[in-house]
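A closer look at the structure
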Amino acid sequence: MRSTTWWLARRLALAVLVVVGAATVAFGALQLVPGDPVHVMMGGAAPSEEVYERTRHELGYDQPLPVRYGEFLGQLLRGDLGQSYQLHQPVADVIGSQLWPTVQLALAAFGLAFVVAAALAVTTAGRRSGWRRVASAAELLMISTPGFWVGVLLLTFFSFRLHLFPVAGGDSLAGLVLPAATLAIGLIGVFAQVMREGLERALEQPFVLSARARGTGETAVRLRHALRHALIPMVTLSGWIVGSLLGGAVLIETIFSREGLGRITATAIAGRDLPLVTGVAVVAATIFALLNIAVDLLYRVIDPRMKEVVR
Amino acid sequence: MAGVARRSAGRGRRRIGPGVAVSALLVALIALAALWPGLLARADPNAAEPVDALLGPSGAHWFGTDQLGRDVYSRVVHGARVSLFIGVGATGIALLLGCLIGMLAATCGRLVDEILMRITDVLLSFPGLLLALLVVAMLGPSSTNATIAIGLSSAPGFARLVRGEALAIREAGYVRTAVTFGAGRARVYLRHLLPNALTPLLVLALLSVGAAIIAGSSLSYLGLGPRVPTAEWGSMLAQGKDFLTISWAMAVFPGLAITVTVIAINIVGRDLQRRFEGRHPVGRF
């Protein structure tokens, strides 16, 4: 027990280091960016000398670099990520208000991808048949197709031709269907391959043989006994999964004109709203640092032998 | 591991399947389009003909025309250059950086290894596209910057692989023999470690060209790639999206070009991977 506490403390300290590191890199990058941040903040118009100086002072750009870095870290500790140039709101508020639509989208996409991939894997694992070939080809297609193109195709067909779903935005459930499906398609191929490999390995295990010997049907063996073991590799993938969902959200929210973290990230980068970009980077780094700890913790729970491996 | 051993023992030399052959032909065709687009498309990709705007596919315009009346087929063919440039360029950057970091980690002692690999871990856990977006945010949008951004964001994967390969090969008999016969450090690294780590590395590189092409077209879909008149698949798609109600062709063909390219590269890459797997341990498996 003591070792687990120590392990956790060590990992949390490392996570804090990672987040501060990411923030420092982002802060440094902000300083290296060519162009005057005061001008970016004021927009296109040329400000008068007095207004310029006042804004410069308000933003703290008249202070020397170490002082500003100190202030930046101090603000970070208080959860203050600065002020967005474009939206003229605190970055923390912007991110807070945009987080939920993205989480909704990500959860819906994950759920959909998981169910479809599990169905594909359970029906095709260990079977050399035409059906499996078709499934493999479909997986390759899904992995190789850019998500934004799928989104455009779905929009063309379902929204513009059939008028089944709204063309843009909306908080409605109908508005969630196409974006979630688009995001899911990129995941299904990978999920199905990982699950099938896991299933095939599980089906060779003695416990499957004994289940069959008890007269358990093939479907029940696969669903009740083997699938559970096939899910462990999915835990390993969780970092990649969250990454794909977050990265995919940038594109998919833009295509479907949905509210969310991805879309404000895209507009912030295009408009060089650097405090907002930094804020998103810090939040993303925090999510990943915590996720990695959670995954390793989960491993230790699933398989105590991992204590030796996962330091 | 058992699977790898079985595969290499059982099959021996594999024949080239029809799917792989077609894919290799397609890759060659796309490379041709990138190098000499004029051979495949006669029309000027930037010649606007407003009278013929937003036409569907026809004998004169195979893939139809865009909102300015430019020939979409010609723009798709000419767009291969930018996409392949980003894909190959980014992979090249990732390969170089990855070799450098991986070799340093494998050969410069525990402390350097620990520091470099922890940083690599952090970068690997971060979504690639988000990392690339951050780099573009700093450098500003352009196709060169998109290439650099994607290259930087895929370097950690290569670093991991190179380190693993180098560590495994270092213990191999022939390297020990070379050391016994008095080969210097530099000679061992350059003549023995690097060439032997190269095969799995080049296969990974080929597969990552496909991923980099998707990443590149994603960035330019978001308006963070090459400047406007340049024919590029991602930005053509983004423009096409605005005219979906009038013409489907504009958005469908550039996307098809990306997908076909990436599938062809992936099929060839996977086939090579299967051929070379099992020769010696590859870090990731």
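Here the structure is a predicted model, which means the values were calculated and not measured.

**Some words on the overall build of chain A**
The helix and strand inventory of chain A stands at 14 helices and 0 strands. Taking the principal axes of the C-alpha coordinates as reference, chain A spans close to 85 × 60 × 30 Å. Out of the 311 residues belonging to chain A, those deemed buried represent 43%. Across chain A, every contact between residues at least 6 apart in sequence was considered, and the portion connecting residues at least 24 apart equals 73%. Total accessible area computed for chain A in this model is approximately 15,900 Å², and 65% of it derives from carbon and sulfur atoms. The centroid of the 26 positive side-chain charges in chain A is displaced by 17 Å from the centroid of its 21 negative side-chain charges.

**Some thoughts on helix α7 (residues 147–161) of chain A**
Each α-helix turn comprises 3.6 residues. Residues three or four places apart therefore point the same way. Over its 15 residues, α7(A) extends 20 Å from the first C-alpha to the last, a length consistent with the 21 Å expected when each residue adds 1.5 Å. The sharpest bend along α7(A) comes to roughly 30°, located at A:Leu155. Those residues of α7(A) that are buried are in contact with α8 (173–203) and α11 (232–255) of chain A together with α9 (185–221), α10 (233–241) and α11 (249–276) of chain B. Among the residues trailing α7(A), A:His163 stands out with phi positive, at a value near 55°.

**Focus on the pattern of salt bridges**
All names here are of chain A. In this structure the tally under the stated criterion is 7 salt bridges over all chains. Residues Glu197 and Arg201 are paired through a salt bridge, measuring 3.9 Å at the closest nitrogen-oxygen approach. Note that Glu197 and Arg201 are positioned in helix α8 at a spacing of 4 residues, about one turn of the helix. Classification of Arg201 by relative accessible area gives partly exposed; the value is 47%. Taken together, the shared-partner salt bridges connect Arg212, Glu218 and Arg222 into one network.

**Some details on the interface of chain B and chain A**
In this complex, chain B contributes 35 residues to the contact, which on the side of chain A involves 36 residues. Between chain B and chain A, the buried area comes to about 3,300 Å², and carbon and sulfur atoms account for 77% of it. Taken together, the connections running from chain B to chain A amount to 0 salt bridges. Where chain B touches chain A, the interface holds 4 residue pairs in polar contact (both at pLDDT 80 or more). Among the elements of the structure, α5 (110–125), α6 (128–139), α9, α10 and α11 of chain B are those that each provide at least two residues to the side of chain B that touches chain A. Of all the elements, α11(B) adds the most residues to the side of chain B that touches chain A, at 11 residues. Along the lines of polarity and charge, the residues of the side of chain B that touches chain A split into 24 nonpolar, 9 polar and 2 charged.

**What about the domain arrangement of chain A?**
In many analyses, interface size is given as the accessible surface area lost on bringing the parts together. Residue and element names in this part refer to chain A. Taken domain by domain, chain A comprises domain 1 (2–77) and domain 2 (91–309). For domain 1 and domain 2, the distance between their C-alpha centroids amounts to 33 Å. In this complex, domain 1 contributes 16 residues to the contact, which on the side of domain 2 involves 15 residues. Between domain 1 and domain 2, roughly 1,300 Å² of surface is buried when both sides are summed, and carbon and sulfur atoms account for 76% of that area. Here domain 1 is connected to domain 2 by 1 salt bridge. At the level of elements, α1 (2–32) and α4 (65–77) are the ones that each hand at least two residues to the side of domain 1 that touches domain 2.

**Looking at the UniProt feature "transmembrane region" (unreviewed entry) in chain A**
Residue and element names in this part refer to chain A. Residues given the UniProt feature "transmembrane region" (unreviewed entry) here are residues 105–125, 137–160, 172–192, 231–256 and 276–299. Secondary structure across residues 137–160 divides into 92% helix and 0% strand, with the first and last C-alpha atoms of the span separated by 28 Å. Measuring from the first to the last C-alpha atom of residues 231–256 gives 32 Å, for a span that is 92% helix and 0% strand.

**Brief notes about the environment of B:Ala205**
All names here are of chain B. If you trace the backbone, Ala205 turns up in helix α9. Separated by 91 residues in sequence, Ala205 and Glu114 place their C-alpha atoms 25 Å apart. Not counting residues within four places of it along the chain, the set of residues in contact with Ala205 comprises Thr91, Leu95 and Phe158.

**Some details on unusual backbone geometry**
Residues and elements named next belong to chain A. Positive phi values are uncommon outside glycine, yet His88 reaches one of about 55°. Relative to the assigned elements, His88 resides in the loop between α4 and α5 (91–124). Relative accessible area serves as the criterion here: at 47%, His88 is assigned to the partly exposed category.

**With respect to the packing of aromatic side chains**
Residues and elements named next belong to chain A. In this structure the tally under the stated criterion is 9 aromatic pairs over all chains. On the basis of an interplanar angle of 50° and a centroid distance of 5.3 Å, the ring pair of Phe27 and Tyr69 is categorised as tilted. Here Phe27, found in helix α1, pairs with Tyr69, found in helix α4; they are 42 residues apart in sequence, far enough to count as distant. Residue classification places Phe27 among the buried residues on the basis of a relative accessible area of 9%. Here Tyr69 falls in the partly exposed class, since its relative accessible area comes to 26%. Residues Phe157 and Phe158 carry aromatic rings whose centres are separated by 5.3 Å and whose planes lie at 90° to one another, so their mutual orientation is edge-to-face.

**Concerning the nonpolar core**
Across soluble globular proteins, you tend to see nonpolar side chains buried next to one another. Residues A:Phe191, B:Leu133, B:Ile150, B:Leu219, B:Tyr221, B:Leu237 and B:Ile258 are the most contacted members of the largest nonpolar core, which totals 120 residues. Looking at this core element by element, the count peaks at 15 residues for α8(A). There are two domains that each give this core at least three residues, and those are domain 1 (2–77) and domain 2 (91–309) of chain A. The contact partners of B:Leu219, leaving out residues within four places of it in the chain, are B:Leu129, B:Leu133, B:Val136, B:Ala146, B:Ile150, B:Leu224 and B:Gly225. Within the second largest apolar cluster, 20 residues are counted, among which are B:Cys99, B:Ala106, B:Ala183 and B:Leu193.

Each value, and the rule that gives it
Starting afresh in each chain, residues are numbered from 1 along the sequence in its written order. Labels are handed out in written order, letters beginning with A for the chains and numbers beginning with 1 for the ligands. Confidence filtering applies because this is a predicted model: local features only for residues at pLDDT of at least 70, side-chain atom pairs given and counted only at 80 or more, and all residues used for totals across whole chains, interfaces and linings. Here the side-chain values reflect all heavy atoms present in the structure, with hydrogen atoms and water set aside. The helix and strand labels rest on DSSP assignments: H or I over at least four residues marks a helix, E over at least two residues marks a strand, and numbering proceeds from the N terminus. Exposure classes here rest on a 1.4 Å probe applied to the protein chains alone. A residue is buried below 20% of its type maximum, exposed above 50%, and partly exposed in between. Residue contacts follow a heavy-atom distance rule, with two residues in contact if any of their heavy atoms lie within 4.5 Å. The protein chains shown are the only cover counted for residues, whose accessible areas, like all others here, come from Shrake-Rupley with a 1.4 Å probe. When charges are counted, Lys and Arg are positive and Asp and Glu negative, with His and the chain ends excluded. Think of each charge as sitting on NZ of Lys, CZ of Arg, CG of Asp or CD of Glu. What a helix should span is 1.5 Å times the count of its residues minus one. The angle between axes fitted to the seven-residue stretch ending at a residue and the seven-residue stretch beginning at it gives the bend at that residue. Criterion for a salt bridge: a side-chain nitrogen of Lys or Arg within 4 Å of a carboxyl oxygen of Asp or Glu. As used here, buried area is the combined drop in accessible area, with a 1.4 Å probe, of two parts when they are placed together. A 3.5 Å cut-off defines polar contacts: any pair of N or O atoms within that distance qualifies, except that in protein one atom must be a possible hydrogen donor and the other a possible acceptor, and neighbouring residues in sequence count only when both atoms are side-chain atoms. Three residue categories are used. Nonpolar comprises Ala, Val, Leu, Ile, Met, Phe, Trp, Tyr, Cys and Pro, charged comprises Asp, Glu, Lys and Arg, and polar comprises the others, including Gly. Domain borders in the structure are assigned automatically or taken from a domain database. UniProt positions are given in the numbering used here, feature names are shortened, and annotations may be inferred rather than shown by experiment. Only rings of Phe, Tyr and Trp enter the pairing, Trp through its six-membered ring, and a pair is recorded when the two centres are within 6.5 Å. The plane angle decides the type: under 30 degrees is stacked, over 60 is edge-to-face, the rest tilted. Within this scheme, the nonpolar core is defined by two criteria: the residues are buried Ala, Val, Leu, Ile, Met, Phe, Trp, Tyr or Cys, and they are joined through side-chain atoms within 4.5 Å.

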